[in-house]
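# Descriptive analysis of the structure
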Amino acid sequence: MARLIDYDADPFEVELYELASDPQTLLIDRAQRRQAGQYERHVRRLKDRGRRARG
């Protein structure tokens, strides 16, 4: 089985797997997604406040 995996391995897929299996990378990825979501909510709230102030 290991020989088959070595024979059929795609370097890009191997790199993705290695990144996905690294706990530090996972923590960083989660933090970046969380921060992006917080920023989107912040922008949405600012737009809502602007609409209320005008209307």
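Bear in mind the structure is a predicted one, so any value in this text is a computation, not a measurement.

Quick look at the pattern of salt bridges now. In this structure the tally under the stated criterion is two salt bridges. The closest approach of N and O atoms between Arg33 and Asp29, which form a salt bridge, is 3.2 Å. Of this pair, Arg33 and Asp29 both sit in helix H3 (residues 23–54), four residues apart, which is roughly one turn of the helix. For Arg33, a relative accessible area of 52% translates into the label exposed. Owing to a relative accessible area of 34%, Asp29 belongs among the partly exposed residues under this scheme. Here Asp48 ties to Arg51 by a salt bridge, and the two come within 3.3 Å at their closest N and O atoms. One end of the pair, Asp48, and the other, Arg51, are both in helix H3, three residues apart, so they sit about a helical turn from each other.

A few words now on a positive patch on the surface. There is a patch of like positive charges on the surface, built from Arg41, Arg44, Arg45, Arg49 and Arg52. As for its position among the elements, Arg41 is in helix H3. Given a relative accessible area of 38%, Arg41 falls into the partly exposed group.

This part is about the confidence of the model for the protein chain. Of the residues in the protein chain, 87% have a pLDDT of 70 or more, and the chain-wide mean is 84. By mean pLDDT, the top-scoring element of the protein chain is H3 (91), and the lowest-scoring one is helix H1 (residues 2–8) (65).

Rules used in this analysis
Numbers given for residues are sequential positions, taken from 1 along each chain in its written order. At least 70 in pLDDT is required for a residue's local features to be given in this predicted model, at least 80 for side-chain atom pairs to be given and counted, and no such filter applies to totals for whole chains, interfaces and linings, which use all residues. Excluded from the side-chain calculations are hydrogens and water; all other atoms, namely the structure's heavy atoms, are used. Salt bridges are defined as contacts in which a side-chain nitrogen from Lys or Arg sits within 4 Å of a carboxyl oxygen from Asp or Glu. Under the scheme used here, helices are H or I runs from DSSP no shorter than 4 residues and strands are E runs no shorter than 2 residues, and both carry numbers assigned from the N terminus. Exposure categories follow from relative accessible area, calculated using a 1.4 Å probe and restricted to protein chains: below 20% of the type maximum is buried, above 50% is exposed, and the middle band is partly exposed. Residues qualify for a patch when their relative accessible area is over 30% and they have no salt bridge, like charges being joined within 9 Å and the nonpolar side chains of Val, Leu, Ile, Met, Phe, Trp and Tyr within 5 Å. Reported accessibility uses the Shrake-Rupley method at a 1.4 Å probe radius. Residues are deemed covered only where the shown protein chains occlude them. For this count, His and the chain ends are skipped, Lys and Arg are scored as positive, and Asp and Glu as negative. Every charge is mapped onto a representative atom, which is NZ of Lys, CZ of Arg, CG of Asp or CD of Glu. A residue's pLDDT is the confidence the predictor assigns to it, expressed on a 0 to 100 scale.

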